[in-house]
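Residues per chain are reported as follows:
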Amino acid sequence: MPITDLLERNAKLYGEEVALVEVNPSLPETRRVTWKEYELIEPSPVSFYRREITWNVFNEKANRFAHLLMERGIQKDDKVGILLMNCLEWLPIYFGILKTGAIAVPLNFRYASDEIEYCVKLADVDILVFGPEFIGRVEKIAEKISKHRLLFYVGEGCPSFAEDYTTMVADCSSVNPEIPITDEDYGAIYFSSGTTGFPKAILHKHKALSHSAKVEQFHHGQTHDDVFLCIPPLYHTGAKMHWFGSLISGSKAVLLKGTKPKDILETVSREKCSIVWLLVPWAQDILVELESGKLNLSDYELDQWRLMHIGAQPVPASLIQRWKATFPKHQYDTNYGLSESIGPGCVHLGVENIDHVGAIGVAGYGWEVKVVDEDGNEIPKSTPETVGELCVKGPGVMICYYKNKKATHECLKDGWLYTGDMAKYDKDGFIWLVDRKKDVIISGGENIYPVQIESFLMKHPAIQDVAVIGIGDERLGEISAAIIQLKNGKLATEEEINAYCEELPRYKRPRKIIFADVPRNATGKIEKPKLRETYGAANLVDRENRS
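A short tour of the structure in this document, coming up. (Residues numbered from 1 in each chain as written. Predicted model: local features only at pLDDT ≥ 70, side-chain atom pairs only at ≥ 80, totals over all residues. Heavy atoms only, no water.)

**Considerations on the sheet that holds strand 10 (residues 227-230)**
Link 1 in the chain: One open sheet holds the 9 strands; their spatial order is 2-1-11-10-12-13-14-15-16, and the pairing between them is mixed. For this open sheet the edge positions go to strand 2 (49-54) and strand 16 (362-363), each flanked by a neighbour on one side alone.
Link 2 in the chain: In this structure, strand 12 (residues 275-278) lies alongside strand 13 (residues 307-311), joined through 4 bridges in parallel fashion. Bridge pairing links Ile-275 to Leu-307 in strand 13.
Link 3 in the chain: Across the sheet, helix 11 (residues 280-291) touches strand 12 and strand 13, and the angle it forms with strand 12 is around 110°. (Pairing = 2+ DSSP bridges. Helix = DSSP H or I, 4+ residues; strand = E, 2+ residues; numbered from the N terminus. Contact = heavy atoms within 4.5 Å. Axes fitted to C-alpha atoms, helices over the stretch in contact; angles between N-to-C directions.)

Structure follows, in C-alpha cells:
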C-alpha cells in the first residue's frame, strides 16, 4: 500500500483530529510564560508561536498541490524538489508530489547555491519549491536553473523570479486526483550526506517508503494516542521515516523549530508528547542543563513521555546511562540506518534490550544483516569481536544512485547494501558499530577506530563533545588527534586528558589533543572532513575522496 493511501485513510477516520502542529519558539514574544500558565491565558501571549492542521486539511492541501502540479504539466516519474525548513507546509507538499505519481526530491537546507544547482540538475528536477530562508541562495542560480524548471515560493513576500505557492493552490481542487500508484512506482530521491564532495542521489520506490512506516510502528509501538515530537529536518530520511509511525497510526506529531533544552521540555509538556527522537548533541545538552540546575524536571509535565530514541550517529553508552538515571521510566531505543536504506530501522537495539546499550542492535523488522571481511566472506556470529563491513538487505534498500552506475555497483551486490560502516558481533549476537570504513586510522600498521576513543572520552566530566581524526605523520603514516569541546564553565588541560587516557591501550591513546568546537551537521553527524581540512590532514582527504 503506497503511503498516500494512509493519508487518505486518516482523513476519513480522523478527519477533524489534529495531524500536525508547528511550534516556533524563536518568533517575537509578548512575555515569556511557563507551560503551566500557557493553558490559562486566552489569547496566549506566548513566545511559542503555534500552528496546527487536521488530517482533513492535511489531505486537502496535498490534493490541491497535486492538482497544481498536474496543471503545470507534472506527470508520473517527473521530479519536484523541496527546499524548505520544517513547517506545516512541508509534508502536505511532499504528499502532493507523491499523489501525482511524481518523485519527491527533498534538499538539505544547508546547501549553498552551487550545491542546490548541482542537486537540481543531477535529479532532473522539473519544479523547485523553496521557502524564505533560501531566497538569496536560489536567486544566485535562478537564471541557470529556471530555463527548463519552474520555481514555486512558499511564504510571505514572493520574489520576482518565482511564483507564489499560496496564491496558486487556493483555487485548486481539494479532491484526490486518483492517479494510480503502486508499491513498484518510484517515490523519492534523497541525497547522501556529501561528506566527500557533492552528494549522490538515492532513488527509492514507494514500497521502501511504506516499509519504513511498518518498521517504525513495529519497533516503537505507535498508537493513535501517541504524540511524536519531531525536531530534525524533514529532508532527512530519519525524521521523515520516524514520522511515518504517526502516519500509520493516525496520531498527532509536533514539528519543533528549535533545539534548546528548555524549548524541548516545554514543548513535550505543552503538547503532551509521548515519543521524542533526539540526536546525541541535543540529549547531551538536556542532561547538562538538568545536571547543572539550569533546568528543573519539576517545572515540566513529563509523565506521558514514554520513549526517547536516538539515531543518525554512534551513541556513547555513558550518555544513555546518564539519561536513564535522569529519566528512569523512559523506554530507550537506538536506530541505525542510512538514506540508502530509507533511513532508520534496518538495525535497531529494541526497547527490550536496554542491557545491551551501546550496541546498535539486531536486524530490524523485515531486514537481514551480515558482517563481511575484506573479501566479502560473511563473518559468523560464533567469532565475536571480529571487525568487518556491515551489510543490510530488505525492502528498504535503494534502487540505485541515480545516474551513477559506478557508485551503485560498488555498494549494491546481490541485493545487499554494503554500508561502509565497520561493525562486529558481541557474544550475544548484537551488532556494535565500530566506525566508518573511511574514518579508520591506520597508525604504524594498527587499525584505530575513532568511535571507541570518542566513547571513552565522553565519560570525562568536563567534556561536552569529542571527535577523533587521523592526521598525517611521517613515521607512522597517521596519528590520532582528539578535538575536544569542553562543557561551559569546565576546564581541562592537555596533561589532564592524557592522564585520563592512560586507561586505554597505548596505541589507542590520542597523540594530539586539540581544544575546539566539534562541528556537526543538521542530522548530528560529526563533520570529520571539515576537521581534517582544518587540522592539515590533506592525505586523509585524498584517501577519503578515493574511497
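That was the structure; now back to the text.
**Describing the nonpolar core**
Link 1 in the chain: Formed by 121 residues in total, the largest nonpolar core has its most connected members in Tyr-94, Trp-243 and Leu-278.
Link 2 in the chain: The leading source of residues in this core is helix 4 (residues 90-99), at 7 residues.
Link 3 in the chain: Residues contacting Tyr-94, with those up to four places away along its chain left out, are Ile-3, Ile-82, Ala-104, Pro-106, Ala-188, Tyr-190, Leu-209, Lys-240 and Phe-244. (Core = buried A, V, L, I, M, F, W, Y, C linked by side-chain atoms within 4.5 Å. Buried < 20%, exposed > 50% of the residue type's maximum accessible area, 1.4 Å probe, protein only.)

**A short note on the packing of aromatic side chains**
Aromatic ring pairs are described here by two measures, namely the spacing of the ring centres and the angle between the planes.
Link 1 in the chain: Applying the stated criterion across every chain yields a total of 17 aromatic pairs.
Link 2 in the chain: Geometrically, the ring pair formed by Phe-58 and Trp-243 is tilted, given 6.1 Å between the ring centres and 35° between the ring planes. Of the two residues, Phe-58 sits in helix 3 (residues 55-71) while Trp-243 sits in helix 9 (residues 237-249), which places them 185 residues apart along the sequence. In this pair, the class of Phe-58 matches that of Trp-243, namely buried.
Link 3 in the chain: Among the aromatic residues, those joined into a ring-pair cluster are Trp-55, Phe-58, Trp-90, Tyr-94, Phe-95, Trp-243 and Phe-244.
Link 4 in the chain: A cation over a ring is seen here: Lys-200 above Tyr-401, with NZ or CZ 5.2 Å from the ring centre.
Link 5 in the chain: Against the face of Tyr-418 rests Lys-413, its NZ or CZ located 4.6 Å from the ring centre. (Phe/Tyr/Trp six-rings, centres within 6.5 Å; stacked < 30°, edge-to-face > 60°. Lys NZ or Arg CZ within 6 Å of the ring centre and 35° of its normal.)

None of this, on its own, says anything about what the molecule does.
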